[in-house]
Structures are given as C-alpha cells and as structure tokens.
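What follows is each chain in one-letter form.
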Amino acid sequence: MMSDASSGAAAQPPRWMPAGDESDLCPAGEWWDAIRVREAIGLRAIELLEEAGHAVGPVILNHEGLEPRLYFLVPVGVASNWNEPGTVALGRTCHVVIPPMSKTSPPGLHWYNLPPGPRVFSEREPLRRALIKARREQRDSAPGSPSEKAERAADASGFPTSIG
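Attention here is on the structure that accompanies the text. Just so you know, these numbers come straight off a predicted model, no measurement behind them.

From N to C terminus, the chain includes 4 helices and 7 strands. Starting at the N terminus and ending at the C terminus, the chain contains elements arranged as α-β-β-α-β-β-β-β-β-α-α. Long-range contacts, defined here as pairs at least 24 residues apart, represent 76% of the contacts in the chain between residues at least 6 apart. Of the roughly 9,300 Å² of accessible surface on the chain, a fraction of 53% belongs to carbon and sulfur atoms.

Right, dumping it as structure tokens:
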C-alpha cells in the first residue's frame, strides 16, 4: 500500500479539499486543525523548518485585510493545547476557508504550500519552535528593540557600545 506522502497519493487531492474552482468553508478538528499567524512570522517559520529539514505541511496564505496571515494545517488535536503568543489555534468549533487545489497564487486566498498528501501536516513541536524563533527574530530586529539600539550605536561610532 502507498503512503499518503507518495507521488501517487499526492496527485489525488485530499477528500477535504474543495472540489471545483471555488473556496469552501471547512470545519477544523475533523481532518486537521489550523494555526493562524501573521504572514511575516509564518514565512520565516517556513524557512526555519526547511533549513532544519522538517516537512512543511499545507499552508494557506490570505493577503486580504489589514494584516496578511498564514494558516498552517496541523494534525487534529493540536489546537486543543496550543497557547503560543501571536498565534490563533483553530480546532473543533472553528471553520477555515480552504482554497481549491488550483488556487496557488494571488490575488486572494491561495495555497502557499499545497498539501503533500491527504494526511501530511506540519508537526506540532517543530512548528512551535520555528514560530518562537521567528517571533524572537522579528522582535529583536524591530525599531526600538535593545539589539536595534545597539546596532545604531555601533553604526554611529564604528564600535559596539553598551546601551543603558
């Protein structure tokens, strides 16, 4: 029997994937849960997962609205005990709009990373660690952060200085 990750299974859309060319509102907690994050944090987390050799499961990108967001599809049950700051866990009682398999580019809601198989999702712990690191990197590089102030002081004098 072929595994879900095999090329034969990947060619067939998962049963939870909308049929046709329209997005569909799907219940979380049945086939998968979802973790919603800001786009910049999510994109960096994907880079970190790939650099560490971890699989990245299906990811939906929504450019619409004031704050673009990524939705990582994760195994059912992850949302019930997820409490990472800057993220929203979507499990039972929640719904997620799922784009059709053909929608892989803007405009609008689309797949950033297509499902590699019907039951292949981002793993909880590697995703959590990547999001923590991505959030820390963004915080540390934000204007006014201690590391940003130290960089400005070093640039002005040519030498690192202590900021108090």
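Let's pick the thread back up.
Among the secondary structure elements, Gly20 is positioned in the loop between α1 (7-11) and β1 (24-27). In this structure, the C-alpha to C-alpha distance between Gly20 and Ser102, residues 82 residues apart in sequence, is 8.6 Å.

Now for helix α3 (residues 124-141). With 18 residues, α3 should reach 26 Å at 1.5 Å per residue; the first-to-last C-alpha distance of 26 Å fits that figure. Buried residues of α3: Pro126, Leu127, Ala130, Leu131 and Ala134, and no others. Considered in projection along α3, the buried side chains sweep an arc of 130° and stay on one side of the axis. Looking at the packing, one finds that the buried side of α3 touches β2 (33-38), α2 (39-51), β4 (69-74) and β5 (87-90).

Each value, and the rule that gives it
- Residues numbered from 1 in each chain as written.
- Predicted model: local features only at pLDDT ≥ 70, side-chain atom pairs only at ≥ 80, totals over all residues.
- Heavy atoms only, no water.
- Helix = DSSP H or I, 4+ residues; strand = E, 2+ residues; numbered from the N terminus.
- Contact = heavy atoms within 4.5 Å.
- Areas by Shrake-Rupley, 256 points an atom, 1.4 Å probe, with all protein chains shown as cover.
- Expected span 1.5 Å × (residues − 1).
- Buried < 20%, exposed > 50% of the residue type's maximum accessible area, 1.4 Å probe, protein only.
- Arc of directions from axis to C-beta.

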